Amino acid sequence: MSIFPDSITPSAAKSSLEDDPNARIVEHKVVGSCTTIHFTLAKHPFFAVFDAETLLGVWPLLNRSSESEW
């Protein structure tokens, strides 16, 4: 399952998350050409990284309560 299409831009990803009632942006940070978005989707934490306008990847984040499930 892909959360974002490969061609999505950071601003479009942020807007998509803001419009999704099941999503919440925890942190949105831009440093130089790198953009990171830490967000939850259906209460599951994720981290997206962009280089300029290119999505490098989206990774699930583990929290202490979910580590035993892996």
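These numbers were taken from a predicted model, which means no experiment stands behind them.

1. A closer look at the overall build of the chain
- Looking only at helices and strands, the chain features 1 helix and 4 strands.
- Along the chain, from the amino end to the carboxyl end, the secondary structure elements read α-β-β-β-β.
- In the chain, which comprises 70 residues, the proportion classed as buried is 29%.
- Excluding contacts between residues fewer than 6 apart, the proportion of contacts in the chain whose partners are at least 24 apart in sequence is 22%.

2. Comments concerning the side chain of Thr35
- Of note, Thr35 is situated in strand 2 (residues 34–41).
- For Thr35, a relative accessible area of 6% puts it in the buried group.
- Each residue touching Thr35, except ones within four places of it in the same chain, is listed here: Pro10, His28, Lys29, Val30, Ala48, Val49 and Phe50.

3. Comments concerning the nonpolar core
- Formed by Phe4, Ile8, Ala13, Leu17, Ala23, Ile37, Phe39, Leu41, Phe46, Ala48, Phe50 and Leu55, the largest nonpolar core amounts to 12 residues.
- For Phe46, the residues in contact, after removing those within four places along its chain, are Ile3, Ile37, His38, Phe39, Leu41, Val58, Trp59, Pro60 and Leu61.

4. Describing the pairing of strand 2
- Counting buried positions along strand 2 gives 6 out of 8 residues, so the element sits mostly inside the fold.
- Two strands pair when backbone bridges link them, and strand 1 (residues 23–31) and strand 2 are joined in this way by 8 bridges, in the antiparallel orientation. Across the sheet, Glu27 pairs through a bridge with His38, a residue of strand 2.
- Counted along the chain from strand 1 to the antiparallel partner strand 2, the turn is 2 residues long, and its residue Gly32 has a positive phi close to 60°.
- Alignment of strand 2 against strand 3 (residues 44–51), held across 8 bridges, turns out to be antiparallel.

5. A few points about the packing of aromatic side chains
- Tallying each qualifying case throughout the model produces 2 aromatic pairs.
- Ring centres 5.8 Å apart and planes at 55° place the aromatic pair Phe4 and Phe39 in the tilted group. One end of the pair, Phe4, is in the segment before helix 1 (10–19); the other, Phe39, is in strand 2, with 35 residues separating them in the sequence.
- Looking at Phe4, the relative accessible area reads 4%, which means it is buried.

About the thresholds
Residues numbered from 1 in each chain as written. Predicted model: local features only at pLDDT ≥ 70, side-chain atom pairs only at ≥ 80, totals over all residues. Heavy atoms only, no water. Helix = DSSP H or I, 4+ residues; strand = E, 2+ residues; numbered from the N terminus. Buried < 20%, exposed > 50% of the residue type's maximum accessible area, 1.4 Å probe, protein only. Contact = heavy atoms within 4.5 Å. Core = buried A, V, L, I, M, F, W, Y, C linked by side-chain atoms within 4.5 Å. Pairing = 2+ DSSP bridges. Phe/Tyr/Trp six-rings, centres within 6.5 Å; stacked < 30°, edge-to-face > 60°.

Geometric descriptors of this kind do not, in isolation, establish any biological role.
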